[in-house]
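# Commentary on secondary and tertiary structure
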Amino acid sequence: MRHSIRFYLGSVRHEISGVSPTTTVLDWLRDACRRTGTKEGCNEGDCGACAVLVVRLEGEQLVWRAVNACIQFLWMLDGAQIFTVEDLRSPDGALHPVQQAMVDQHGSQCGFCTPGFVMSMVAYCKTPGASMAEGAINDALAGNLCRCTGYAPIVRAMKQVLATPETAQGIQAEQALAESIKTRLKTLQGDQTAEIAGAEGRITLPASADALAAAYLAAPDATLVAGATDVGLWVTKGLRALPHLIGIGQVPDLRRIEHTPEGLWLGAGVTWAEARPALAALLPDAGEVIRRIGSTQVRNAGTVCGNIGNGSPIGDGPPVLIAAGAVLRLRRGDTRRSLPLEEYFLAYGKQDRQPGEFIEAVVIPVPHPATVFRAYKVSKRFDQDISAVLGAFAFIPDGEGRITRARIAFGGMAATPKRARAAEAALEGQFWTEATLHAAQTALQAEFAPISDMRSSAWYRQTVAGNLLTRLFAETGPHSAGTETRLAGWKGEAYV
Amino acid sequence: MSDPARNPETQGAAGGASPSMRHESAPLHVSGSAVYIDDLPEPRGLLHVVPGLSTKAHARLVSVDLDAVRAVPGVVCVLTAADIPGENQVSPVGRQDEPLLAEGEVSFYGQPIFAVVAETRGIARRAARLARIIYEERPAVLTIAQAREAGSALVWRPLVMSRGDVEAGLAAAPRRLSGQVTVGGQEHFYLEGQAALAQPGEAGEMQLWSSTQHPTETQHMVAHCLAVPSSLVTVEVRRMGGAFGGKETQANTPACLAALAAHRIGRAAKIRLDRDDDMLMTGKRHDFVVEYDVGFDDEGRILAVDMVLAARCGWSADLSGPVVDRALFHADNAYFYPDVRLRGEPLKTNTQSNTAYRGFGGPQGIVAAERVIEEIAFATGLDPLDVRLRNVYGTGTRNVTPYHMTVEDSISADIMTQLALTCEYRKRRQALREANRSSPYIRRGIALTPVKFGISFTATHYNQAGALVHVYTDGSVQVNHGGTEMGQGLHTKMVQIVLREFGLREEKVRITATTTGKVPNTSATAASSGADLNGMAVLDAVHKIKARLVKFAAEQWNVSERSVQFLPEGVQVGGQCIAFQDLTKAAYYARVSLSANGFYKTPKISWNAETGRGRPFYYFAYGAACAEVAVDLLTGENRIERVDILHDAGLSLNPAIDIGQIEGGFVQGAGWLTMEELVWDEAGHLRTHAPSTYKIPACSDRPRIFNVALLEGAPNREATIFRSKAVGEPPFVHGVAVLHAISDALASLTAYQTCPRLDAPATPEQILRTAQRLRQQAAH
Ligand SMILES: Cc1cc2nc3c(=O)[nH]c(=O)nc-3n(C[C@H](O)[C@H](O)[C@H](O)COP(=O)(O)OP(=O)(O)OC[C@H]3O[C@@H](n4cnc5c(N)ncnc54)[C@H](O)[C@@H]3O)c2cc1C
Ligand code: FES
Ligand code: FES
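Residues numbered from 1 in each chain as written. Chains lettered and ligands numbered in written order. Predicted model: local features only at pLDDT ≥ 70, side-chain atom pairs only at ≥ 80, totals over all residues. Heavy atoms only, no water.

## A few points about the UniProt feature "domain: CO dehydrogenase flavoprotein C-terminal" (unreviewed entry) in chain A
UniProt's entry tags residues 374–476 of chain A with the feature "domain: CO dehydrogenase flavoprotein C-terminal" (unreviewed entry), counted in the numbering of this structure. For the annotated span residues 374–476 of chain A, helix accounts for 39% and strand for 24% of the residues, and the straight-line distance between the end C-alpha atoms is 9 Å. (UniProt positions renumbered as here; feature names shortened; annotations may be inferred. Helix = DSSP H or I, 4+ residues; strand = E, 2+ residues; numbered from the N terminus.)

So this is what it looks like as structure tokens:
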């Protein structure tokens, strides 16, 4: 058993024992390393001023991801290579092409957001197939807030970088860097469970799902942490002490994305970023919702199962997955069970999970070819905002066009993510007509009583939920051709 | 989105005084080596300060039990009002209504009651939550409506501006209508939160590094709190990570708390507010309710306007007086009101003390003016642009403002006409209306709105500035001035002035941190005036040094003074060219002073609030914006599809920086009027106190097509620095075009028969509610 965490910061190897379970990467960088280029703008994952690059070796592939250092715990870097803005200049002091483009295009004003933008931009450049499309650039930068520039010059800088062909010298340097990172990261690989104890608590990093099952059964009061995009805030904002954390984000057998006979299998360690292509291939609108969950940095860390495990009534994953008919795989010790996802959410803050039990995976059945599936996220701001309402809809028209197997689920409308059973019943067996629409809307109004909060009023939620049925009808009903029905996604690049 | 094919370099050559130098700190920004307060090397034994905040909006403090806070290991002390050696007071306007730490009562949810001083920030944050405070709640007044109903006090004398006889004007007008518009507040959301570091020195000295727009005021506040003369307190700021008005007075409380801790313990102390604490504690843009009564004729000409502009000011005066005044100063926007009366109502409420925010009340006044225009357009069936053009200030007649200042250079009509042509406003408006007919769910709208913004502090004495320029014997130059850098590029412009005057290259000139030790008694860097005021002061200092060098060179080389010229190649002295550093070195040996301070005060201005008359502004900055939006009638979601802006920056000091101010200002202004919503619950708790709940525009919220152009060949008529115009605040107002474009889209619901009366912020919910109301109206 290992008793320390190991990672590289720049080219320096760090091996730390006794690390506090809740020290964040950001605090460690700024306070312990005096790397003050990485900024704190919010300490809750929303502004991107703290973005850093985390590189991992997956198989033989290096994967570069921007994450928000303020809500990543230091121990989560175990096995990784991290770069901060200080690492970008070349040895001769020359600016990185992204930095140079930001200077050339006047991309910084007050400069406080700039290091975070630079890191997100570098990460985007490392994304295979990074395109010049506005929509793609917006997505890459959605998690970085800038209050000064209005973003226009930053996007110009991004385009400048993408439009400039890399020099042979540059490519060579990149390759050399990649090789040295690979070599370093290989030295960190191992299949041992790690257990790090310190004055403020302990961290268990199980090496396998079996080890996790055993560890969690033995310590059912421990807190599971996958991507920490929820748990991180309990610490940075809730100031909670978490004396025992079990990290599941890097457990290899939980990182599986697989097509199984039951459907698409997403292991508990699969992030939103990783799940998106596979889910979008099954259900394009699910891909569009995922595109708007948090930001690139949040999706790079946050997991699908963590979203479920968090049990929030406003989580975006559950309604989409419920409408898709997803099944949850739970495991406690060696005991496994399956549960339709909607049955997992019992009440506000209460899920059907036993002490020591964890989510192993969520499985999304492959939709019938005739399935009609739509999911609509509605929030105050398009990108990186929590939904006021999210409606997800699935049905299969039979040979004559009658609606069968209707599944409707809403987020933001009740104390849990919830199926709209009455509305489903109103659709079931009916032709998809205006009368059916109105019947479903009437049923829907009666079965939900949402709350008012800072995101929106009960009236808004109720009204929009009904209107989303109208949108569904407009998109999938008999007169759907040619009518513009939504604004999300940039023109010509809408959804997918 | 098309990138405007424009090269800042050529623009600068064509219309500007000097080319588009990049931001002086850009290479530092991009490499993470630009230093902000929290990045400074930490002095040994540094302590950390975290405030403890009220959780009631209005209450008597029955008991404040801090024992549990003190008992936390690592807590060094807990500061309360009793620990303040001097005045427990941070009112920036001498009202004595803003205690640094609450004493006896609390007046808003978020008010600092105590401050924990601890060895680490984490310890201090956790300890601060352990206070046991017993409150006896009092009725809290939260909103403008509640304040009016409760007959709440005013935090400032209510200004009245009038010209002509408004009652008679309204009575005589062929047509008349009245209504009300609500305009929301706005959180600054500077990316760098409030921060200060205090280091005690010998003999009672206190050195502060503070993220402040107003080092001099911060210095005064700290001195008062510590009961020491200002000469013992030095405040320095190299740069802020954004401010937008939010660090004009709001930086004082954090600075005073850090200084108090340092003073009490004798060790350096730092405060860096957590984002949530920052948003709970600090003031924001004022929200307003404006009631208007307007008389006009069938041609859409305004005959009389009566307005009452009521603002939620919060629990103390802060800058609310001048903010509400400025709302009145801009309640005409670009329009002539023949008979007019404007009344301000600065209402006291149990909420954060609202403060300066880019535009300083001006944008709120302009929103009201534009609503009046819109009402008239719907009432007469005219295109709102035509109503605008018919009412803009004239050049010889119809040119006196409600505050009796003559508008000498009204160019609003030209700018609007030019923009309408280049962006094809009329054609597109027609096309959108056509397309809307066959689009049941998504509707599009377009609007073109002007801005006329008065430049100068309305507190006349603020319109002064100082600078200090040193030339060293190696020919390098150090520039200091009273202005602060918050991202607006002020320091860059100041460097450019020096480069141009001395003919030097960039690496020869270094601008340093702003410090009260070098340039004293400065004004806040605010009111867009930074470059106007400090630029002239820098120029004054440079001219003094140049004059000495010229005199010296003329004597030394026996040429006429006129034949000495500072050129990029070197200093031309008669027939020969001497390197700048050779000249300065020679001058030094000849015992010529190479250091000078500079000073400037704005000429021509005056303002008498008692009579409501004067010339408060040195000049006006103009511009216009045309926005096109798409609105989803099912959800209220909306997108800005295209924006064209034509803006007047005079002879721009730096076109790239000015365009940056316009792009950034526009997006901030559009955010204010659309997605940015402050929500308080019934207990007065601000529920949108973090970016998770308070949404500023993100990257994809910028307009898809975004064309920004500077008005060409338009030197400032007044003798400003190189005939440029201030550019910080005016472009913020261009966001108003978005509100009106959304309104235009909604008007399609009533076949453009009814003024939608869309209030701000036009969140999706606000839009949906308005759409529902319009549908009901159309059905009747
Ligand atoms: C800036 C920001 C934006 C966000 N935007 C969105 C958004 O748009 N939509 C949205 O839905 N969410 C959003 N979130 C919330 C969050 O990102 C998601 O809920 C994410 O999916 C959580 O995954 P995680 O791996 O980070 O979970 P963690 O934080 O690691 O864990 C969350 C919870 O799940 C539990 N848990 C984790 N894994 C398991 C498991 N295998 N078995 C049982 N319990 C488990 C944990 O114990 C914890 O209680 C946002 C968060 C941030 C910070
Ligand atoms: S500090 Fe804002 S995302 Fe981390
Ligand atoms: S440059 Fe100031 S926040 Fe982006």
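## Examining the site of ligand 1
Residue and element names in this part refer to chain A. Residues in contact with ligand 1 amount to 36 residues; listed here are only the nearest, Leu224, Thr229, Asp230, Thr303 and Asp316. Within the contact set of ligand 1, an oxygen atom lies 2.7 Å away from a backbone nitrogen or oxygen of Ala226. Separating an oxygen atom of ligand 1 from a side-chain N or O atom of Thr303 is a distance of 2.6 Å. Elements represented by at least two residues in the shell around ligand 1 include exactly strand S8 (223–225), helix H8 (231–236), helix H12 (304–310) and strand S16 (357–364). With four residues, the top contributor of residues to the shell around ligand 1 is H12. By residue class, the composition of the shell around ligand 1 is 16 nonpolar, twelve polar and eight charged. (Near = heavy atom within 4 Å. Polar contact = N/O pair within 3.5 Å; in protein donor to acceptor, adjacent residues only side chain to side chain. Nonpolar A, V, L, I, M, F, W, Y, C, P; charged D, E, K, R; others polar.)

## Some points on the sheet that holds strand S1 (residues 5–9) of chain A
All names here are of chain A. In spatial order, the strands read S2-S1-S5-S3-S4; together these five strands make up an open sheet with mixed pairing. Edge positions in the sheet fall to strand S2 (12–16) and strand S4 (61–68), since each of these pairs with one other strand and no more. Taken pair by pair, the neighbouring strands of this sheet meet at an average axis angle of 30°, ignoring direction. Relative to S2, S1 is paired through five bridges, and the arrangement is antiparallel. Within the sheet, the bridge partner assigned to Ile5 lies in S2 and is Ile16. (Pairing = 2+ DSSP bridges. Axes fitted to C-alpha atoms, helices over the stretch in contact; angles between N-to-C directions.)

## With respect to the pairing of strand S5 (residues 112–118) of chain B
All names here are of chain B. Within S5, seven of the seven residues are buried, leaving the element largely enclosed by the surrounding structure. Strand direction decides the pairing type here: strand S1 (residues 47–53) and S5, joined by six bridges, are antiparallel. Across the sheet, His48 pairs through a bridge with Ala118, a residue of S5. Where strand S3 (residues 75–79) meets S5, four bridges bridge the pair, whose relative direction is antiparallel. From the neighbouring strand, Val75 faces S5, where its bridge partner is Ala118. (Buried < 20%, exposed > 50% of the residue type's maximum accessible area, 1.4 Å probe, protein only.)

## Focus: helix H7 (residues 215–226) of chain B
Residue and element names in this part refer to chain B. Over its twelve residues, H7 extends 16 Å from the first C-alpha to the last, a length consistent with the 16 Å expected when each residue adds 1.5 Å. Of all the residues in H7, the buried ones are Pro215, Thr216, Glu217, Thr218, Gln219, Met221, Val222, Ala223, Cys225 and Leu226. Looking at the packing, one finds that the buried side of H7 touches strand S10 (206–210), strand S11 (233–237), helix H8 (252–265) and strand S20 (514–515). In the stretch just after H7, Ala227 is the one whose phi turns positive, near 55°. (Expected span 1.5 Å × (residues − 1). Contact = heavy atoms within 4.5 Å.)

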